[in-house]
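Architecture at a glance
Below are the chains, spelled out letter by letter.
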There are 2 protein chains.
Amino acid sequence: MILPKYFDDRAKMLDRVLDQYLTPETEEPKDLYAAMRYSVFSGGKRLRPILFYATYEMLVKKATEHQMEQASLIAAALEMVHTASLIHDDLPSVDNSDERRGKESCHVKFGSATAILAGDALLTKAFEMITKLEDPRKAVHCIRVLCNLVSTQGMIGGQTVDIISSSKQNIPITVIKYVHLKKTGALLEAASHLACVMADADENTTNNMVNYAQNLGLAYQIIDDILDDIGDFEMLGKEPYEDARNFKSTYPSILGLDKARQTAEKLISDSSKLIKNLPNNHILIEFVKMIKDRLP
Amino acid sequence: MILPKYFDDRAKMLDRVLDQYLTPETEEPKDLYAAMRYSVFSGGKRLRPILFYATYEMLVKKATEHQMEQASLIAAALEMVHTASLIHDDLPSVDNSDERRGKESCHVKFGSATAILAGDALLTKAFEMITKLEDPRKAVHCIRVLCNLVSTQGMIGGQTVDIISSSKQNIPITVIKYVHLKKTGALLEAASHLACVMADADENTTNNMVNYAQNLGLAYQIIDDILDDIGDFEMLGKEPYEDARNFKSTYPSILGLDKARQTAEKLISDSSKLIKNLPNNHILIEFVKMIKDRLP
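Cut-offs applied
Residues numbered from 1 in each chain as written. Chains lettered and ligands numbered in written order. Predicted model: local features only at pLDDT ≥ 70, side-chain atom pairs only at ≥ 80, totals over all residues. Helix = DSSP H or I, 4+ residues; strand = E, 2+ residues; numbered from the N terminus. Rg over C-alpha atoms; globule rule 2.2 N^0.38 Å. Buried ≥ 20, exposed ≤ 12 C-beta atoms within 10 Å, placed from the backbone. Least-squares fit on C-alpha atoms with pLDDT ≥ 70 in both. Contact = placed C-beta atoms within 7 Å. Nonpolar A, V, L, I, M, F, W, Y, C, P; charged D, E, K, R; others polar. pLDDT = per-residue confidence, 0-100. Arc of directions from axis to C-beta. Axes fitted to C-alpha atoms, helices over the stretch in contact; angles between N-to-C directions. Parallel < 35°, antiparallel > 145°, perpendicular 65-115°, else oblique. Left-handed = near helix turned anticlockwise from the far one by under 90°. Core = buried A, V, L, I, M, F, W, Y, C linked by C-beta atoms within 7 Å.

Bringing the overall build of chain A into the picture now. Looking only at helices and strands, chain A features 15 helices and two strands. Taking 19 Å as the expected radius of gyration for a compact globule of 296 residues, we find that chain A reaches 19 Å, a close match to that expectation. Its C-alpha atoms give chain A principal-axis dimensions of about 50 × 50 × 35 Å. The buried share of chain A, reckoned over its 296 residues, is 52%.

This is the structure in structure tokens:
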């Protein structure tokens, strides 16, 4: 999967901001700062911040250095919330994952207590980042949007339903869709929505960009289900057949492989349509391509 | 311990607001909403919101109904953050407490996964509450103050140092003081500080009210250490001798009972001095009395 230079540039921009605002682990309490930094800098793809930057830069056309600095506060907040959720999801009593991106999970390296607190601290830090925006009205708007997509009707709600469902078999497709849209999709939706708030986009544009992110996020997850089902280790980036081993209901297990693939294709094509008439849309087109290229 | 009618009135006001903003557990995901409500309505003393209301009402003199509605958003946010921290603190991998206020802890009743997520959701909800303030500048100011006192240099930092220290013996008194001031004290400090922000208090008043809360919070914790040490079950409200059983360093174990008592008395007297010249200070005097009355 070859990604355009833009992805690499914005990932580096984000990393500089994260490094600037996350306290070094030479300060006390060292373990807490170390755990936060370890998980934030553990090789994530930075998809949410990059989607945010790409949408924002498309909407404002030529962003000034100052605008990019302000936008970077939101990009960093998105990655902090995402990291907080991964730390808590990996905990033994939640998804019980010892590894994340080929490295020890936060709780394996630092213990569960520190991991729980590091997650709480990153979640809090995300909101603090947004308070640094120079326009208080925009800051409040962004915090409200992020809270809404993080909380009980967003990411946390999706994770809750995923946990409840994973002990059951034959989950309806509507529930699987809900989990995909919320657990993983909510922060992609947040990235798009926050870009629109920062760029003062109108309601129609905001709705379109939110739909674009929702479709892409859902397509990504369905393709993950498919890659797991057919055992494509390389594209999946982790051991396949995990869903089958856990008797987990997925798009291919419920709809069959062909229907799952068609659903993903339809979502990808809908995403393309939503952005095709927008000027300066080439990076958002790359996003669609990147997800389409994962479809086997 | 007889508390003035004011305490009861404001606790009831807070409970109405919490009930209004916390989604009922008849909605999905039911378990998540049930866990959030269970912990929020499990008989807490509401000290932080009441301290906030008392400070705010003293500063604005005669608060209008509308001002009290706005203030209640902050009071609710304080209790939500406090509850989130108790849920996470009680987890098996943190303080491992099966009981809280004589009832099953959140994770015992709902499982650790739901408890972790309910804590995350309450923390997020607290910030969302503050975005509902009509003045965006004040909202951003309040969120910044709360983030600062919740995060790595506040409550979460204090809890981290407490966990690290509890596996060691002969902890220096400066570290015990740090843990008391941060782990428990930070949200009392937040209550005072946020009241000052909401009331547009000047810097000098804000500093005095923050010091008042810090002194009272530290005195409260030292008295807790003393009650545990001498085995006063009734005043402590839980099984005593827990610190000794866990070989935990405390004010009396390090300084001796007399010196610990003198330290608490000094802090209480300092608190009194900080408010004695303020008009309309009778409820804040009650706060001091309430804490003084716990000293055996």
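Under the fitted operation, chain B is carried onto chain A by 0.0 Å of movement along the axis and a turn of 180 degrees, and the coordinates agree to an RMSD of 0.0 Å. Taken together, the turn and the small shift mark the pair as related by a two-fold rotation axis. It is P136 of chain B whose C-alpha, among those of chain B, lies nearest the rotation axis, at 2.8 Å. A shared interface surface links the copies, since 100% of the contact residues of chain B are contact residues in chain A too.

A few words on the interface of chain B and chain A. Opposite the 39 residues of chain B that make contact, chain A presents 39 residues. Take the side of chain B that touches chain A: its biggest share by element is 13 residues, from helix α6 (residues 112-131) of chain B. Split into classes, the residues belonging to the side of chain B that touches chain A amount to 21 nonpolar, 12 polar and six charged.

What follows concerns the confidence of the model for chain A. With 99% of its residues at a pLDDT of 70 or more, chain A shows a mean pLDDT of 94. The ipTM assigned to the predicted complex is 0.96, against a pTM of 0.96.

Moving on, we come to helix α15 (residues 282-292) of chain B. Each turn of an α-helix holds 3.6 residues, which means side chains three or four residues apart point in the same direction. All of the buried residues in α15 of chain B are L284, F287, V288 and I291 of chain B. For α15 of chain B, the buried positions fall inside an angular range of 95 degrees around the axis, keeping them on one side.

Before going further, it helps to spend a moment on the packing of helix α8 (residues 155-166) of chain B against helix α9 (residues 173-198) of chain B. Residues and elements named next belong to chain B. Where α8 meets α9, the closest approach of the two axes is 7 Å, and the angle between their N-to-C directions is 140 degrees. As the angle between them shows, α8 and α9 are arranged oblique. By crossing handedness, the relation of α8 to α9 is classed as left-handed. Contact residues: α8 offers M155, G157, G158, Q159, V161, D162 and S165, while α9 offers V175, Y178, V179, K182, K183, A186 and L187. Class assignment for the residues of the contact of α8 with α9 results in seven nonpolar, four polar and three charged.

Bringing the packing of helix α2 (residues 30-40) of chain B against α6 of chain B into the picture now. Residue and element names in this part refer to chain B. Relative to each other, α2 and α6 sit at 70 degrees, their axes nearing to 9 Å. In terms of orientation, α2 and α6 fall into the roughly perpendicular class. Here D31, L32, A35, M36 and S39 of α2 come into contact with α6, specifically with T114, A115, L117, A118, A121 and L122. Classifying every residue of the contact of α2 with α6 gives eight nonpolar, two polar and one charged.

Our focus in this paragraph is unusual backbone geometry. Residues and elements named next belong to chain A. In this structure, P29 follows E28 across a cis peptide bond, with omega equal to -5 degrees. Relative to the helices and strands, P29 resides in the loop between α1 (5-21) and α2 (30-40). Here K61, not a glycine, exhibits a phi torsion of approximately 65 degrees, which is positive. A residue is classified by how many C-beta atoms lie within 10 Å of it, and K61, with 9 of them, is exposed. In this structure, D200 is a non-glycine residue whose phi angle is positive, near 50 degrees. Among the structural elements, D200 can be located in the loop between α9 (173-198) and α10 (203-230).

Right, let's get into the environment of F110 of chain B. Residues and elements named next belong to chain B. Tracing the chain through its elements places F110 in helix α5 (residues 106-110). A C-alpha to C-alpha distance of 34 Å links F110 and M68, two positions 42 residues apart in sequence. Not counting residues within four places of it along the chain, the set of residues in contact with F110 comprises D31, A35 and A115.

Another aspect to go through is the environment of T23 of chain B. By secondary structure assignment, the location of T23 of chain B is in the loop between α1 (5-21) and α2. You can call T23 of chain B partly exposed: it has 18 C-beta atoms within 10 Å. As for T23 of chain B and M80 of chain B, which are separated by 57 residues in sequence, their C-alpha atoms are 13 Å apart. When sequence neighbours within four positions are dropped, the list of residues in contact with T23 of chain B reads T152 of chain A together with Y33 of chain B.

Let's shift gears to the nonpolar core. Counting 199 residues, the largest nonpolar core has I74, A77 and L146 of chain A together with I74, A77 and L146 of chain B as the members making the most contacts within it. Every residue in contact with A77 of chain A, bar those within four places of it in the chain, is listed here: A126, M129, I130 and L146 of chain A.

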